[in-house]
Amino acid sequence: MTFASRIFHHSRKLRHSHKILQSDRATLACWVSNDVSQHGLGPGGNHGVSKVSSGNLFNRSYRTISVVGTQLGNALRTEMEVHTTYAGTKFNRNLPCPKGNSRISFSTASGLPAHQEIGMPSLSPTMTEGNIARWLKKEGDKIAPGEVLCEVETDKATVEMECMEEGYLAKILRGDGSSGIKVGEIIAITVEEEEDVAKFKDYQPSTSDSAPAPETSPAPSPPKEEIAETPATSPEPKISTPTAPPSAGNRIFASPLARKLAEDHNVPLSNIKGTGPDGRIVKADVEGYLASRGKEVPQAPKAAATATATLDYTDIPHTQIRKVTASRLLQSKQTIPHYYLTVDTCVDKLMELRSQLNALQEGSGGKRISINDLVIKAAALALRKVPQCNSSWTNDYIRQYHNVNINVAVQTDNGLYVPIIRDADKKGLSKISEEVKHLAQKAKENSLKPEDYEGGTFTVSNLGGPFGIKQFCAIINPPQSGILAVGSAEKRVIPGGGPDQYKFASFMSVTLSCDHRVIDGAIGAEWLKAFKGYIENPETMLL
């Protein structure tokens, strides 16, 4: 009740603020700043906007204070420079958005009623800009907390942006399909009253709040009169005057190199004046003659360039996931010292166990288990056995994780996604298979949530089963320190029990990419040894 009385007390005082502003502006500045400091209504107070806005009783009262306070701050900014900073900053307030750092601020503009500016939210740690996929509300529609306002395409997925307060959508500043919207940039305007919607038909966001006004620089002093100085002329190159060649018939004296150079460029020596001893033509004379004619000595033929046919192509715009993938992989290859370890694993027992498990799954109505599911389980158990590989590098320390969260690379039409299987070392094969299939489907539908792909400690990429790639080296997904590249299984002939005996076996090649700052060569080899042990003796994964 104490806080409620203060709210209504301030409402009554601000209702008569125009009279105070007319009579004594300095008194108003002190009154606003002192009351805000005492009652905790400013940014440093105990009663922030985000706490009050959850209650219906005080929403309108406090919002009125915020709006009027902004008006007073603006008035004091123009009328009395000395009180601008203190009173203005007390009432300029950005509300936190539960789904990211969305800019949701109460504002006023000249001739416009109180309104909210809704900015592009930050919906993932790596997001710097986003796209508007589509608006689910139209201008003039009534909105309520929890309703979906629009769909935002982030760097990882398409996420629904929900309304935070009740009101009306007055203006959409960035329509369907808008791309490259920076985080915090205003995308829409909302108002409280329906009759205020029409007043924002031609609204344009002001940049005065986001960018500080440039300081006025003092008038430049008149330029000093400078005594014009005669510029120093650069010395002209000395050109030696060629001496007349000796009259020895029609013979022209030239060095062998000069003759060769003149023949290569079809230049008659009679046109060149020699500057060598006794008028001999040297290489420099031929080069000077060619330069004077506008020719270059190492001239390349231009016929091939002009004869090249015009290429036919299509420019495909970058998607957000494509741009982020490119940026992160480039950062990985430039900043992480990669090295690679490859081993061949016999998968005969693994494939036999898979057949037995799938027979049980079909009988119970469960999903079939793939080779990739078994690889994920083996990788998770190997990380638990060799925890040094379940780590990441920082400038001050190496962070070793206690959770084994495996990212699984999934290729879609939109780009590469890496959904996460959390605590894969503690889950059964049936559960892992179910989650992988579910997340892969969400990735293809572009409906992954941030919790579906954030927080991984290791990544598995399989190009063997779906594409038949025998062996490849994958790029580490930062901030992780390792990624396993899985190739296809193939039958090979191996020695048998006797000297003239042989048999067939299926082998699968896997390559571990390691961050050498975190994983030394021996540690990486130890992890591959543990992984190979689980693959070649798969029954140990069930213990």
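Placed above this text is the structure.
Everything numeric here is computed off the predicted structure, so don't read it as measured data. (Residues numbered from 1 in each chain as written. Predicted model: local features only at pLDDT ≥ 70, side-chain atom pairs only at ≥ 80, totals over all residues. Heavy atoms only, no water.)

Participant: Where do I start with the overall build of the protein in this structure?
Facilitator: Across its full length, the protein carries 15 helices and 20 strands. A buried classification covers 42% of the 543 residues belonging to the protein. Per element, the accessible surface of the protein, about 31600 Å² overall, is 53% carbon and sulfur. (Helix = DSSP H or I, 4+ residues; strand = E, 2+ residues; numbered from the N terminus. Buried < 20%, exposed > 50% of the residue type's maximum accessible area, 1.4 Å probe, protein only. Areas by Shrake-Rupley, 256 points an atom, 1.4 Å probe, with all protein chains shown as cover.)

Participant: How should unusual backbone geometry be read in this particular structure?
Facilitator: A negative phi holds for most residues other than glycine; trans holds for most peptide bonds. For the peptide bond that leads from Pro478 to Pro479, omega is 5 degrees, which places it in the cis range. Mapped onto the elements, Pro479 comes out in the loop between helix 14 (464-467) and strand 19 (482-495). Look at Asp423: it is not a glycine, yet its phi comes out positive at around 50 degrees. The residue Asp423 is located in the loop between strand 17 (420-421) and helix 13 (429-444) in this model. The exposure class assigned to Asp423 is partly exposed, which follows from its relative accessible area of 25%. Phi at Asn446 is positive, roughly 60 degrees, even though this residue is not glycine. By the secondary structure assignment, Asn446 is in the loop between helix 13 and strand 18 (458-462). A relative accessible area of 18% places Asn446 in the buried class.

Participant: I'm lost on the nonpolar core in this one. Help?
Facilitator: Nonpolar side chains tend to gather and get buried jointly when the protein is soluble and globular. Of all hydrophobic cores here, the largest spans 53 residues; its most connected members are Val375, Ile406, Phe458, Leu484, Val510, Trp527 and Phe531. Excluding residues within four positions of it along the chain, Phe458 makes contact with Leu383, Cys389, Asn405, Ile406, Asn407, Gln480, Gly482, Ile483, Leu484, Leu512 and Trp527. Ile143, Leu169, Ile187 and Ala188 belong to the second largest nonpolar core, which has 18 residues in total. (Core = buried A, V, L, I, M, F, W, Y, C linked by side-chain atoms within 4.5 Å. Contact = heavy atoms within 4.5 Å.)

Participant: Quick question: what am I supposed to make of a nonpolar patch on the surface here?
Facilitator: Residues Val493, Tyr502 and Phe504 make up a contiguous nonpolar surface patch of roughly 380 Å² in combined accessible area. By secondary structure assignment, the location of Val493 is in strand 19. (Patch = residues over 30% accessible without salt bridge, like charges linked within 9 Å, V, L, I, M, F, W, Y side chains within 5 Å. Salt bridge = Lys/Arg side-chain N within 4 Å of Asp/Glu carboxyl O.)

Participant: In this structure, what is going on with the packing of aromatic side chains? I would like to understand it.
Facilitator: In this description, a pair of aromatic rings is defined by centroid distance and the angle of the planes. Counted under the stated rule, the structure contains 4 aromatic pairs. With 6.2 Å between their ring centres and 85 degrees between their planes, Tyr502 and Phe504 make a pair best called edge-to-face. On the basis of relative accessible area, Tyr502 is assigned to the exposed category, the value being 57%. With a relative accessible area of 56%, Phe504 lands in the exposed category. (Phe/Tyr/Trp six-rings, centres within 6.5 Å; stacked < 30°, edge-to-face > 60°.)

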